[in-house]
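Below, each chain spelled out in residue letters.
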Amino acid sequence: SEEIIEQGYDGELKIILLGEVFTGKTSLINAYTKEKFNPEVNTTTSPSYFSKLITVGNQTILVNIWDTAGQEKFRSMNKIFIKKSNIVLFIYDITRKKTFKELSFWVKYVENCIGKDNIIFCVVGNKLDLFDKEEELKQKNFEFDLVDTEEAREFANNIGAEYLETSAKESGSAFVKFLDKIIGQYVEKYMNFVKNNKEKKGIQLDDDKDLSKQKKNKCC
C-alpha cells in the first residue's frame, strides 16, 4: 500500500499458509491483517498476498503473508509461490481428520521445494469453535472427524514445528499473538543484521509478487 511505501521498513519476510481447501486459511489471514472475521470468504483459486508492518524490538518488519489454493488441481501452482518463504504455516481443520492427514504431503512438498534451513514451520489447527458442535454439524450432513490434540502436537514436534489450535472466527486475536511471536523468533534468529542497517528500505517487488498481481483478478 502507499502507506507502507511511505513508511518504509528495516527488514522483510515472507509467510505462506498451506493446507487443504476449506481449512480457513483465508480467514486466518484476514484475522491477522484486518483483525476481523468474514463469514462470506470465497474459495481461493490462485495465490495472493497481503502486507502488514509490525514492530519487533526497535525494527519495523514488512510481513508479506501469502494465501494459497488447497485444491489438488492448483497444487503445482503453489510451488512457484513457496520459494523464498521464511515462515510456513500448515493449516488443518480440527473437525476433519483428512485435512490433518494431508499435512504430511504439504510438509514433504515444502521440503522438496525449499528445504528446512532458516525456515520456521508451524502447525495450526483451525475451527476450534466447532470443537463441541459434533451433533449439530452431523444434522447438517457436515463431515465431523475430530483430530486428537496430542496426535497433532506430536506431528508438529516430529517436524520441528510450533503448534497452535485456534479459531479464526472466535479467537483471531490469539492467532495474531501467536504469529507475532513466531515473527519475533524469526527476526531474532535470522535477521539480527538489520539492527545495524540505519537506512529504511523501499518496497522491491520480486518476481513471484508480480505473478500474483497478474492473477489477482482471477482470485476469490
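Residues numbered from 1 in each chain as written. Predicted model: local features only at pLDDT ≥ 70, side-chain atom pairs only at ≥ 80, totals over all residues. Heavy atoms only, no water.

1. Side note on the overall build of the protein chain
1) Next: When its secondary structure is counted, the protein chain shows nine helices and six strands.
2) Next: Counting over 220 residues, the protein chain shows a buried share of 48%.
3) Next: Taking all contacts inside the protein chain whose residues are at least 6 apart in sequence as the whole, residues at least 24 apart take part in 78%.
4) Next: Of the roughly 11,400 Å² of accessible surface on the protein chain, 45% is carried by carbon and sulfur atoms. (Helix = DSSP H or I, 4+ residues; strand = E, 2+ residues; numbered from the N terminus. Buried < 20%, exposed > 50% of the residue type's maximum accessible area, 1.4 Å probe, protein only. Contact = heavy atoms within 4.5 Å. Areas by Shrake-Rupley, 256 points an atom, 1.4 Å probe, with all protein chains shown as cover.)

2. Things to note about the sheet that holds strand β5 (residues 120-126)
1) Next: Judged by pairing direction, the sheet is mixed, and its six strands sit side by side in the order β2-β3-β1-β4-β5-β6 without closing on themselves. Strands with a single pairing partner mark the edges of an open sheet, and in this sheet they are β2 (48-56) and β6 (162-165). On average, each strand axis in the sheet is tilted by 20° relative to the strand beside it, whichever way the strands run.
2) Next: In this structure, β2 lies alongside strand β3 (residues 59-67), joined through nine bridges in antiparallel fashion. (Pairing = 2+ DSSP bridges. Axes fitted to C-alpha atoms, helices over the stretch in contact; angles between N-to-C directions.)

3. Brief notes about the packing of helix α2 (residues 25-33) against helix α8 (residues 172-190)
1) Next: With their axes 9 Å apart at the nearest point, α2 and α8 run at an angle of 80° to one another. The angle between α2 and α8 falls in the class roughly perpendicular. Listed contacts from α8 to Leu 28, Ala 31 and Tyr 32 of α2 are Gly 172, Phe 175, Val 176, Leu 179, Asp 180 and Ile 183.
2) Next: Residue composition of the contact of α2 with α8, grouped by class: seven nonpolar, one polar and one charged. (Parallel < 35°, antiparallel > 145°, perpendicular 65-115°, else oblique. Nonpolar A, V, L, I, M, F, W, Y, C, P; charged D, E, K, R; others polar.)

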